[in-house]
Every structure is written in C-alpha cells, then in structure tokens.
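Descriptive analysis of the structure
Below, each chain spelled out in residue letters.
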Amino acid sequence: MTSPSTDSATGERPVKPALQTRLRTDLAGLAPAYFGLVMATGIVSIAAHLQGWSQLARTLFYLNNVMYAVLWLLTLGRLLWFPRRLFSDLIDHLRGPGFFTMVAGTGVLGAQYVLLLADYRIGLLLWIVALVLWLGLTYAIFTAFTVKEHKPTLDQGISGAWLLAVVATQSVAVLSAMLAAHVAQPYRLEMNFLALSMWLWGGMLYIWMMSLIFYRYTFFRFAPGDLSPPYWINMGAMSISTLAGSLLIINAHDAPFLLSLLPFLKGFTVFYWATGTWWIPMLVLLSIWRHVYKRFPMHYDPLYWGAVFPLGMYATCTHQMLHAMEFELLEFLPKLFLIVALVTWSLAFIGLLLDLLRRFDLLPALAPFTEKHL
C-alpha cells in the first residue's frame, strides 16, 4: 500500500502545499533590488582581477552568470504571474529605485566579460541591454513619481536606494568607456561621447538626490530602522563615478574632446573620489550607532548587497584612479578594500544560502540563528 506522504505514480514526496504557497508569496514579493547580488559579486570579481587574483575573479565571474540568469527567470516569472505587484513596486517611492539594480548588474556583468574574457561581443550585447533598461526604467519610474496623485512625504519616500539611479547611469558610462577602447573609429568617438554624457548626467543626478537625502537625514527624525543597507550607496555612487571618470581620462587620447577636457575630468574624478572617501567613516559610525548603541538586530536582507557593492567599487575605482592619475601614495587602499569587500560578500552569501535553506524547510532549526545574526 502506498504511503499517504508519497505520490502513487512516482513514489516521490509531493511538494508541500504550504511550501508552494510560501514560494509563490516569495516570488510575488521578490525585492526589485535583488540584482544588487549581481552588482556586488561582479565588482568584487573585477577588483580581484585588477589585484591579480585571477582564480577568484574567474570563480566569481562564473557564479555571477548563474545568478544573473536565475534572477532574470525569477523577474520574468514575477512579471508573468504577478504583474500588478511588479508594476506597483515600479511606481513605489521606496521600492521603485531598486529596479535600477537591473541596469547596474547588467553593466557590471558586461564589464566582467570585457576585462576577464576580452569578449567584446557579449560585452556589447549586455551594453545594449543595460542602455535599453536604463532608458525604460529612468523615464518610467521618474515620470510615475511625478504624476502620481498620492505621494509620501520626504522623510517617508526617499532613501539611499534612490542613488541606485546614479549607479545605473554610471554603469552605462563605465561599460561604454571600456568598449570604446576596443572599437574602431568613428564608433570610438561616439562611445566615448556617450560615456562622457552619462558621466556628467550621473554627477548632476547625484547632486540633486544627495541634497534631498542629506536634508532628510539631518532635519527629520532618524530611527535605526530608517538606516537600511542601501545608505552605503551614498558612497558607492561616488565610487562608480570615480571609476567612470578614470576610464575617460585613460581614453582621452582617443577622443579630442576628452583631451580638451582633461583638467576638468581629472579635477572632478578626484572630487568624486574624495566625496566617496568622506562617506566611509560617516557610514561606519552610523552602523555602530544602529547595531551597537541602538542594538538593531542584524538578519539577512537582499538589500545588504547594496552595502557590499560600494566596498568592492571603492577598491576598483581607487585602483583605476591611481593608474589614470599616476598616483603612488594610495596603493595600499585597493587591496585593503578588496579584502573588506570579500569578507562582507562572504557573510552576505552565507546569509543568502541559509535563508534559501530555511525557505525550503531544509534548515528549520537554524532559522532563529539566521534571523538574529546574519
């Protein structure tokens, strides 16, 4: 006689209805910012490559391809089965900016193909995808924010996640500059001009958004729960702007208009780097205030990938800036921040694995530990 806990035809255990329901709920509520996982893994891989850690860089690169494909499948599944939830998130002031991780993740993966494999065809394909996503998401999200009738107040509607729009813009600039070095004229001029335009627009967008975010931080009540992980994008947005500026400086001899702007490019690249560097101690102090003084519990959250990415990007942008500017006094920083980024990436990845095991009921005993300590 067949056990009631098995399927009579296959002899296998069916998926628990409760598990099916929970997985559908998880898919419906999938965080738009989950492509931050690709951003973080990709930039740590690039930083490792620049420091000569080739095997680690390749391993993270292959892992990143798998995660990118899985996240696209989940996103398309959400679009197919839960389109209203997805579009509701798209026009939400807090969750909407998370969609920009799709652009940045695509751009970072394209940069990996260019740097690690010298595969410019796939790099160009991902550049096209990133550019189309950037155009669609930028105008869809900000148009919706502008025309929607019911809007949150500033303290309830803005966070560091808004700066993902800057990161997305600069990721297109970075990949454009990388590809420009490997295409023939006149496309080289055009790619460099696009990279320059996106770099300038990203800088202007940061000034607009950071003014609002800083105003919200300093003139409204600030609770530990308000200090969500994407506040590290305050620094990450400046780091990727530094990287884009450094690549434009390196490309200057391929485009006369860049050569004429070289003092401006160098000045603003250092300005972006200095601004990002200023944020690091401030963010560390706020983290201590949140988790030590206020004892805000740490648990896995997909938004934590938005905190890993800036650390890897700071290592990468500093390395490229030193190369572009021919500095030597800061050579210790890229490797130091690569190590920090690797540690934080490892902790976040362990948290992700434990969270997945818990969601599939494979690790119920460790669920409390996961929620409290990761």
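None of the values given here were measured: they were computed from a predicted structure.

1. Looking at the overall build of the protein
Along the backbone of the protein there are 15 helices and 0 strands. What you see for the protein is a C-alpha radius of gyration of 21 Å, in line with the 21 Å of a compact globule of 374 residues. Viewed in the frame of its principal axes, the protein has a C-alpha envelope of about 80 × 50 × 45 Å. Expressed as a percentage of its 374 residues, the buried residues of the protein come to 51%. Intrachain contacts of the protein at a sequence separation of at least 6 include 81% that bridge at least 24 residues. Of the roughly 18000 Å² that the protein leaves accessible, carbon and sulfur atoms contribute 69%.

2. Here we look at a nonpolar patch on the surface
Where nonpolar side chains cluster on the molecular surface, the patch consists of L200, L261, F264, F268 and F271 and spans about 400 Å² of accessible area. In terms of residues, the nonpolar patch owes the most to one element, helix 12 (residues 262-293), which gives 3 residues. Position of F264 relative to the elements: it lies in helix 12. Given a relative accessible area of 34%, F264 falls into the partly exposed group.

3. Some words on unusual backbone geometry
Excluding glycine, residues mostly have negative phi values, and the peptide bonds linking residues are mostly trans. The omega torsion across Q185 and P186 is 5°, close enough to zero to call that bond cis. Within the element layout of this structure, P186 appears in the loop between helix 8 (164-180) and helix 9 (187-219). Phi is positive for R295, which is not a glycine, with a value near 55°. One non-glycine residue, E326, lies in positive phi territory at about 60°.

4. Quick look at the pattern of salt bridges
Opposite charge on two side chains permits pairing when their charged atoms draw close. If you walk through the whole model with that rule in mind, you get 6 salt bridges. Note that D26 and R359 form a salt bridge whose closest N and O atoms lie 2.8 Å from each other. Remark: R359 occurs in helix 14 (residues 332-359) and D26 occurs in helix 1 (residues 17-28); sequence separation between them is 333 residues. Sharing partners across several salt bridges, the network here consists of D26, D355, R358 and R359.

5. Here's the deal with the environment of A324
Tracing the backbone shows A324 in helix 13 (residues 305-325). Those residues in contact with A324 that sit more than four places away from it in its chain are S246, I249 and I250.

6. Let's talk about the side chain of S246
Tracing the sequence through the fold places S246 in helix 10 (residues 233-250). At 3.5 Å, the side chain of S246 and the backbone nitrogen of M321 are in polar contact. In this structure S246 touches T269, C317, Q320, M321 and A324, once residues within four positions along its chain are discounted.

So, how was this worked out
Residues numbered from 1 in each chain as written. Predicted model: local features only at pLDDT ≥ 70, side-chain atom pairs only at ≥ 80, totals over all residues. Heavy atoms only, no water. Helix = DSSP H or I, 4+ residues; strand = E, 2+ residues; numbered from the N terminus. Rg over C-alpha atoms; globule rule 2.2 N^0.38 Å. Buried < 20%, exposed > 50% of the residue type's maximum accessible area, 1.4 Å probe, protein only. Contact = heavy atoms within 4.5 Å. Areas by Shrake-Rupley, 256 points an atom, 1.4 Å probe, with all protein chains shown as cover. Patch = residues over 30% accessible without salt bridge, like charges linked within 9 Å, V, L, I, M, F, W, Y side chains within 5 Å. Salt bridge = Lys/Arg side-chain N within 4 Å of Asp/Glu carboxyl O. Polar contact = N/O pair within 3.5 Å; in protein donor to acceptor, adjacent residues only side chain to side chain.

Scope: geometric values only; no functional claims are made or implied.
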